[in-house]
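# Overview (structure and organization)
The chain contents come next:
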Amino acid sequence: MKMLVLFAGLLFLNPVLFSQTTANHDRGYRVHVGEMAPSVVLPLINGDTVSLQQLRGKVVVLQFTASWCSVCRREMPHLESEIWQQFKNKNFILIGVDYDEPLAKVEAFRKEMKVTYLFALDPGAEIFHHFAVKGAGVTRNVVIDPSGKIVFLTRLYDVQEFEAMKKKIASLLRNNQ
């Protein structure tokens, strides 16, 4: 009984640990840490396409976002400066996956937010629904290791969780040199 109380206390004191060790269904995810990422093809806004299969060997972050999402807008400057600018010259890629908006709107959104990482379109939110349940919110990041396995999931913009994600990415890149 003491162990159960201690474990519950640790989870209460560390919400990032709790969010990464419990089932993610309450956060709207269809995928879980430890699973292989779904096989998806991302139509980039520059006209190219890239599949997650092609990105094997790299650390990948998929940032699910939309221009109408205020939390996404709050998180994006941090993704640009603290993650993309820090890791872009390593074996790393960050792709913003825009939830069901037309190309012109996505291009304007990216320019307005002053982000330089790649963006992909997601017509009908088909890519999004490989990762999250229908009706789930878009502010989320999926971190995928070089083997294609999901290693970290975020939801909304929580500073502690964001810091933990940065540490996870840095660790993956150190171990993948």
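Here's a quick rundown of the structure.

Next up on the list: the packing of helix H3 (residues 70–87) against helix H6 (residues 159–175). Running from N to C, H3 and H6 cross one another at 20°; their axes reach a closest spacing of 11 Å. Classified by the interaxial angle, the pair formed by H3 and H6 is roughly parallel. Here H3 and H6 pass one another in a crossing that is right-handed. Each of Glu-75, His-78, Leu-79, Glu-82, Ile-83 and Phe-87 in H3 lies in contact with H6, whose residues at this interface are Phe-162, Glu-163, Met-165, Lys-166, Ile-169, Ala-170 and Leu-173. Its residues placed into classes, the contact of H3 with H6 shows 8 nonpolar, 1 polar and 4 charged.

A word on the packing of H3 against helix H4 (residues 103–113). Two quantities define a packed helix pair, namely the angle between the helix axes and the distance between the axes. For the pair H3 and H4, the least separation of the axes is 10 Å and the interaxial angle reads 60°. One element, H3, and the other, H4, form an angle in the oblique class. For the pair H3 and H4, the sense of crossing is right-handed. Counted together, Arg-73, Met-76 and Pro-77 of H3 and Phe-109, Glu-112 and Met-113 of H4 form the full contact between these two elements. Tallied by class, residues from the contact of H3 with H4 come to 4 nonpolar, no polar and 2 charged.

Strands belonging to one sheet form pairs held by backbone hydrogen bonds; the direction of such a pair is parallel or antiparallel. Ordered by their spatial adjacency, 5 strands build an open sheet running S5-S4-S3-S6-S7, and the pairing between neighbours is mixed. Each of the sheet's edge strands pairs with one partner strand only, and the pair in question is strand S5 (118–122) and strand S7 (150–153). Each strand of the sheet is rotated relative to its neighbour by a mean of 25°, with strand direction disregarded. One ladder, built from 3 bridges, connects strand S6 (residues 140–144) with S7; its direction is antiparallel. Following the sheet pairing, Val-142 is matched in S7 by Leu-153.

Here we come to the state of the cysteines. Evaluated as defined, the whole model comprises 1 disulfide. Residue Cys-69 pairs covalently with Cys-72 via a disulfide, S to S 2.4 Å. The disulfide joining Cys-69 to Cys-72 has a torsion of about 80° about its S-S bond and is therefore right-handed. Each of the two residues, Cys-69 as well as Cys-72, counts as buried.

Moving on, we come to H4. Listing the buried residues of H4 in full gives Val-106, Phe-109 and Met-113. Along the long axis of H4, the arc covered by the buried residues comes to 60°, so they all point the same way. Exposed side of H4, more than 90 degrees from the buried face: Ala-104 and Lys-111 are the residues found there. Looking at the buried residues of H4, the elements they touch are strand S3 (59–65), H3, strand S4 (92–99) and S5. Immediately beyond the C-terminal end of H4, within one or two residues, lies Lys-114, with a positive phi of roughly 55°.

Topologically, His-129 is positioned in helix H5 (residues 128–131). The class for His-129 is buried, based on a relative accessible area of 12%. Excluding anything up to four places from it in sequence, His-129 contacts Arg-30, Tyr-99, Gly-124, Lys-134 and Gly-135.

Quick notes on the rules
Residues numbered from 1 in each chain as written. Predicted model: local features only at pLDDT ≥ 70, side-chain atom pairs only at ≥ 80, totals over all residues. Heavy atoms only, no water. Axes fitted to C-alpha atoms, helices over the stretch in contact; angles between N-to-C directions. Helix = DSSP H or I, 4+ residues; strand = E, 2+ residues; numbered from the N terminus. Parallel < 35°, antiparallel > 145°, perpendicular 65-115°, else oblique. Left-handed = near helix turned anticlockwise from the far one by under 90°. Contact = heavy atoms within 4.5 Å. Nonpolar A, V, L, I, M, F, W, Y, C, P; charged D, E, K, R; others polar. Pairing = 2+ DSSP bridges. Disulfide = S-S within 2.5 Å. Buried < 20%, exposed > 50% of the residue type's maximum accessible area, 1.4 Å probe, protein only. Arc of directions from axis to C-beta.

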